[in-house]
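Residue-level structural notes
Chain residues, written in single-letter form:
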Amino acid sequence: MGLCNRGLQVHVAHYATSYLREPYDFHPDTHYLVRFVWLDRPTLCQTLDMKILLVEDDPTLGEAVVLATRQAGFTVDWSRDGVQAENALSGFSYDAMLLDLGLPRREGLEVLRNLRRRGKTLPVMILTARDTVEDRVRGLDAGADDYLLKPFSLDELLARLRALLRRAHGVADTQICMGRLCFDSLKRQARVEESPLVLSAREVEVLEILLHHAGRVTAKEAIADRLAGWDEGVGENAVEVYIHRLRRKLEGSGVGIRTLRGLGYLLEVGG
Ligand code: CA
């Protein structure tokens, strides 16, 4: 881990009028809204020395992913179509590929199949808005290692990318544990010792953000932002509801969520 000076944090949300609030910049030519936030405090970031190929034709989303992955310490090449991607793959060596499916000149699935046909094993995460079961099966059958649905949070993209790389490098550490609670960031499952916790998808998101900030306060607004990539805007009252439910589900885990009035939430052992 190295220390980055001021960091640029990038948030991407699907276009919806409910998100049209400061400080979002509205990009009318795409379906995405991108918010750039300069962090005042120095942030920890990993110096990874890993090279990623991003294949994405949407300029706004592509720029946001490039910024976020660079900020997280990766080296990133960006191909805007399938043919460009294949040229990059044959000319350079990459540690992982983030692959959109709907691409100009050559479809993402064809790029993936050709890659696997050449015996290349680099981990591939598909980024797509296609969300039928058949689409996912087709992607995984073609040789994808993971699948992330648009719109996604960049935090989740980075967490999954790191997990993918750890797995590819033979480190099976996709788990975050605290007290008797363990969370598997690949399977998106939490358990207390051997018993799985039954959590909704949004509760999983909230738990993950709290775990990533363990020992630090997570602002209510940060949780609302994380959930804002979902189908509708999430108000801060909704965040309170998710926290309330999570708190009940975490009873007996040895981990609790403390409310710090006016500041946010703190996940701590023994709460
Ligand atoms: Ca596309």
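This section reports on the structure supplied with the text. Bear in mind that the values here come from a model prediction, so they are computed numbers and not experimental data.

Conventions adopted
Residues numbered from 1 in each chain as written. Predicted model: local features only at pLDDT ≥ 70, side-chain atom pairs only at ≥ 80, totals over all residues. Core = buried A, V, L, I, M, F, W, Y, C linked by C-beta atoms within 7 Å. Buried ≥ 20, exposed ≤ 12 C-beta atoms within 10 Å, placed from the backbone. Helix = DSSP H or I, 4+ residues; strand = E, 2+ residues; numbered from the N terminus. Contact = placed C-beta atoms within 7 Å. Pairing = 2+ DSSP bridges. Axes fitted to C-alpha atoms, helices over the stretch in contact; angles between N-to-C directions. Expected span 1.5 Å × (residues − 1). Arc of directions from axis to C-beta.

Looking at the nonpolar core
In terms of nonpolar packing, the biggest core is built from 35 residues, with Val-55, Leu-98, Leu-99, Leu-112 and Met-125 touching the most fellow members. Tallying contributions element by element places helix α5 (residues 154-168) first for this core, with six residues. In contact with Leu-99, not counting residues within four places along its chain, are Val-55, Gly-108, Val-111, Leu-112, Val-124, Ile-126 and Leu-127. Among the nonpolar cores identified, the runner-up in size contains 20 residues, and Leu-181, Leu-199, Ile-209 and Leu-211 belong to it.

Points about the sheet that holds strand β14 (residues 195-196)
Pairing is antiparallel across the open sheet formed by four strands, whose spatial order is β11-β12-β13-β14. The two strands at the open ends of the sheet, each matched to only one other strand, are β11 (175-178) and β14. In this structure, strand β13 (residues 189-192) lies alongside β14, joined through two bridges in antiparallel fashion. Each bridged residue has a counterpart across the sheet, and for Arg-191 the counterpart in β14 is Pro-196. Helix-sheet contacts for helix α6 (residues 201-212) involve β11, β12 (181-184) and β13, and the interaxial angle to β12 is about 110 degrees.

Structural notes on the pairing of β13
The pairing of β12 with β13 spans four bridges and is antiparallel. Residue Asp-184 lies in a different strand from β13, and its bridge partner there is Gln-189. Counting the residues in the hairpin turn of β12 and β13 gives four residues, including Arg-188, whose phi is positive at 60 degrees. Count of turn residues in the β13/β14 antiparallel hairpin: two residues, of which Glu-193 carries a positive phi of about 50 degrees.

As for the sheet that holds strand β7 (residues 75-79)
With parallel pairing, five strands are arranged side by side in an open sheet as β7-β6-β8-β9-β10. Sheet topology places β7 and β10 (146-149) at the edges, where each strand pairs with a single neighbour. Adjacent strand axes in the sheet meet at a mean angle of 20 degrees when their direction is disregarded. Note: strand β6 (residues 51-55) against strand β8 (residues 96-100), four bridges, orientation parallel. Directly across from Leu-54, in β8, lies its bridge partner Leu-98. Relative to β8, helix α3 (residues 108-117) is tilted by about 150 degrees, and along the sheet it contacts β6, β8 and β9 (124-128). Its contacts with the sheet place α5 against β8, β9 and β10, and it is angled at close to 175 degrees to β10.

As for the environment of Gly-252
By secondary structure assignment, the location of Gly-252 is in the loop between α8 (236-249) and β15 (255-260). Since 12 C-beta atoms lie within 10 Å of it, Gly-252 is described here as exposed.

Some details on α8
Look at α8: 20 Å from first C-alpha to last across 14 residues, which is about the 20 Å you get at 1.5 Å a residue. Burial in α8 covers these residues: Val-239, Tyr-242, Ile-243 and Leu-246. Viewed end-on, α8 has its buried residues packed into an arc of 100 degrees, placing them on one side of the element. In α8, the exposed residues that point more than 90 degrees away from the buried face are Asn-237, His-244 and Arg-248. Contacts from the buried residues of α8 go to α6, α7 (220-227), β15 and β16 (264-269).

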